[in-house]
Amino acid sequence: MTQLAIDLPEDVFSALRLAPREFANEMRIAAAVQWYGERRVSQGKATEIAGISRVAFVDELRRRHVSAIQIDAEELDAELGL
């Protein structure tokens, strides 16, 4: 697994009331939700990025008001052969 180092101001952790490890986990989940919402990654890839189970990821989507279903009307019509 690749590691990524990011320099952040010390007060960011206290502002969010998160320990550094909790902050890193929150960043992973937030990025995964954002990229999934933008349709840049699949749900499976987003769960890998977030480092959580698919069930937990779908719950995060619900909690953050992001639809778990990434299909529009045209795609649905094509899928149904309409």
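Residues numbered from 1 in each chain as written. Predicted model: local features only at pLDDT ≥ 70, side-chain atom pairs only at ≥ 80, totals over all residues. Heavy atoms only, no water.

**Describing the overall build of the chain**
Here comes step 1: A count of helical and extended segments in the chain gives 5 helices and 0 strands.
Here comes step 2: Put simply, the chain runs from its N terminus to its C terminus through helices and strands in the order α-α-α-α-α.
Here comes step 3: Whereas a compact globule of 82 residues would reach a radius of gyration of roughly 12 Å, the chain reaches 16 Å, over 25% beyond that.
Here comes step 4: Expressed as lengths along the three principal axes of its C-alpha atoms, the size of the chain is roughly 55 × 25 × 20 Å.
Here comes step 5: Counting all 82 residues of the chain, 17% fall into the buried class.
Here comes step 6: Within the chain, contacts between residues at least 6 apart in sequence are counted, and of these 37% link residues at least 24 apart.
Here comes step 7: A total of about 6,500 Å² of accessible surface is found on the chain, and carbon and sulfur atoms cover 55% of it. (Helix = DSSP H or I, 4+ residues; strand = E, 2+ residues; numbered from the N terminus. Rg over C-alpha atoms; globule rule 2.2 N^0.38 Å. Buried < 20%, exposed > 50% of the residue type's maximum accessible area, 1.4 Å probe, protein only. Contact = heavy atoms within 4.5 Å. Areas by Shrake-Rupley, 256 points an atom, 1.4 Å probe, with all protein chains shown as cover.)

**Considerations on the packing of helix H2 (residues 20-37) against helix H3 (residues 43-50)**
When two helices pack together, their arrangement is given by the angle between the helix axes and by the axis-to-axis distance.
Here comes step 1: Direction vectors running N to C along H2 and H3 enclose 165°, while the axes themselves pass 8 Å from each other. Between H2 and H3, the angle falls in the class roughly antiparallel. Crossing angle aside, the handedness with which H2 passes H3 is right-handed. Across the interface between the two elements, Arg28, Ile29, Ala32, Trp35 and Tyr36 from H2 touch Gln43, Ala46, Glu48, Ile49 and Ala50 from H3.
Here comes step 2: When its residues are assigned to classes, the contact of H2 with H3 shows 7 nonpolar, 1 polar and 2 charged. (Axes fitted to C-alpha atoms, helices over the stretch in contact; angles between N-to-C directions. Parallel < 35°, antiparallel > 145°, perpendicular 65-115°, else oblique. Left-handed = near helix turned anticlockwise from the far one by under 90°. Nonpolar A, V, L, I, M, F, W, Y, C, P; charged D, E, K, R; others polar.)

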